[in-house]
Amino acid sequence: TAATVDPIADRHWRLAWNDNGLDVLLREDGTLYTRLGAREAATAGPDAVFAFPDALRRSDADIRTGPRRQPVVWDAIAVAPNPAGMAVTLTSATPPLRAELVFALQPGGALLRDTRLVHTGAGAAIEVTGAASFAVALLEPVRTVVVLSGEWGHETQVNRVVPGHAPIYLESRAGKTGFEYSPWIALECADTTIVAQLNWSGNWHLAARRGPGATYLSGGLPEHGFSHLLQPGQTLALPSVAVVRQA
C-alpha cells in the first residue's frame, strides 16, 4: 500500500494511506498534536468542553523531565517522507533533547510507530520521568471500547465497555506484558475500528479519554515511578506501537 506525505500548513503534515489520514502539527506552545481519521478529514475545531489538556488528554511526544515531571517544549519540527511513511524529528534546546518519530506502513495497512529520545547536550544527564510512546486524537465518535482482561491465566478475555465521561486506563506494573490486562485496545466507531497494540514486554499503560469532540488515545511506558537517567549522547528507545484503522 503506497503512502503519501503532504504539507498542509506551516509545521503541519499529513500522512495518507488507503482511506486513512494521520496529521502531525507542532503547535505554537511547543506541543505536538497528532490526529488519525479519514484521509480527507477537515481540520478539527477546538474541543467544546476540555479547553485545556488534562492527565489523559495528552499531546503527542509528551516527554517529562525531573522529579516535578516538567514537560519538554519542542522548538522545531522536521519531516522527511520515505517510501514506507515518514520520519518526524523534534528538537528542544532546553533540555537538550531530540525526539525521532518513525511512522512506517506495514503490509495489510497497519502503521508502526517507533520513537527514540536522544540527549544532544554535553553537560549533565537528563532524568526522564515520563515518556509515552504515542498520543493520538480520534475525531470519529467512539461507541464501544474493547479490551482484553481477566484473572490469572485468563488475561485475554474479550470485554466491551461503553465509554463515558470517565477515562479508561489499562496498565501492568508486574514487570511483564500481561497480568490483569493485555497491551491491546480497540475503539469501535460507527463505520470504522481503531486498534492499538504496544509491542513491549514489561510495564506499560494504555489510556482512552472521550470528550465531546475528539477521543484521545495514548500509551507507552508506565507513568507511576518511572525514571531513566539519560547521559549525553545516549538514546532511549520507547516501546513501539502498531495502530490500525479499518472500515
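Residues numbered from 1 in each chain as written. Predicted model: local features only at pLDDT ≥ 70, side-chain atom pairs only at ≥ 80, totals over all residues. Heavy atoms only, no water.

Undergrad: Just to check I follow, could you spell out the overall build of the protein for this structure?
TA: Across its full length, the protein holds 0 helices and 21 strands. Relative to a compact globule of 247 residues, whose C-alpha radius of gyration would be 18 Å, the protein shows 17 Å and is just as compact. Considering only C-alpha atoms, the protein reaches an extent of 50 × 45 × 40 Å along its principal axes. Within the protein, the fraction of its 247 residues that count as buried is 49%. Contacts spanning at least 24 positions in sequence make up 56% of the contacts within the protein whose residues lie at least 6 apart. (Helix = DSSP H or I, 4+ residues; strand = E, 2+ residues; numbered from the N terminus. Rg over C-alpha atoms; globule rule 2.2 N^0.38 Å. Buried < 20%, exposed > 50% of the residue type's maximum accessible area, 1.4 Å probe, protein only. Contact = heavy atoms within 4.5 Å.)

Undergrad: Where do I start with the side chain of T115 in this structure?
TA: The residue T115 is located in strand β10 (residues 111-119) in this model. Only 2.9 Å separates the side chain of T115 from the side chain of R113, close enough to count as a polar contact. When residues no more than four places from it in sequence are discounted, the contact partners of T115 are E100, L101, S133, L236, A237 and L238. (Polar contact = N/O pair within 3.5 Å; in protein donor to acceptor, adjacent residues only side chain to side chain.)

Undergrad: Teacher, can you tell me more about the pairing of strand β4 (residues 32-38) here?
TA: Each regular strand carries side chains that alternate between the two faces of the sheet. Burial analysis of β4 places 6 of its 7 residues in the buried class, the great majority of the element. Relative to β4, strand β3 (residues 20-26) runs antiparallel, the two being bridged by 7 bridges. Along β4, the bridge assignment pairs N20 with A38. Where β3 hands over to β4, the hairpin turn is made up of 5 residues, of which G30 adopts a positive phi near 85 degrees. In this structure, β4 lies alongside strand β11 (residues 126-138), joined through 2 bridges in parallel fashion. Counted as the bridge partner of L36 is L138 from β11. (Pairing = 2+ DSSP bridges.)

Undergrad: Would you explain the pairing of strand β21 (residues 240-246) in this entry?
TA: By the bridge criterion, 3 bridges tie β10 to β21 in an arrangement that is antiparallel. Note on β21: the bridge partner recorded for L112 is A242. Here strand β16 (residues 193-199) runs beside β21; their pairing, made up of 7 bridges, is antiparallel. Its bridge partner being in β21, A196 is matched across the sheet by V243.

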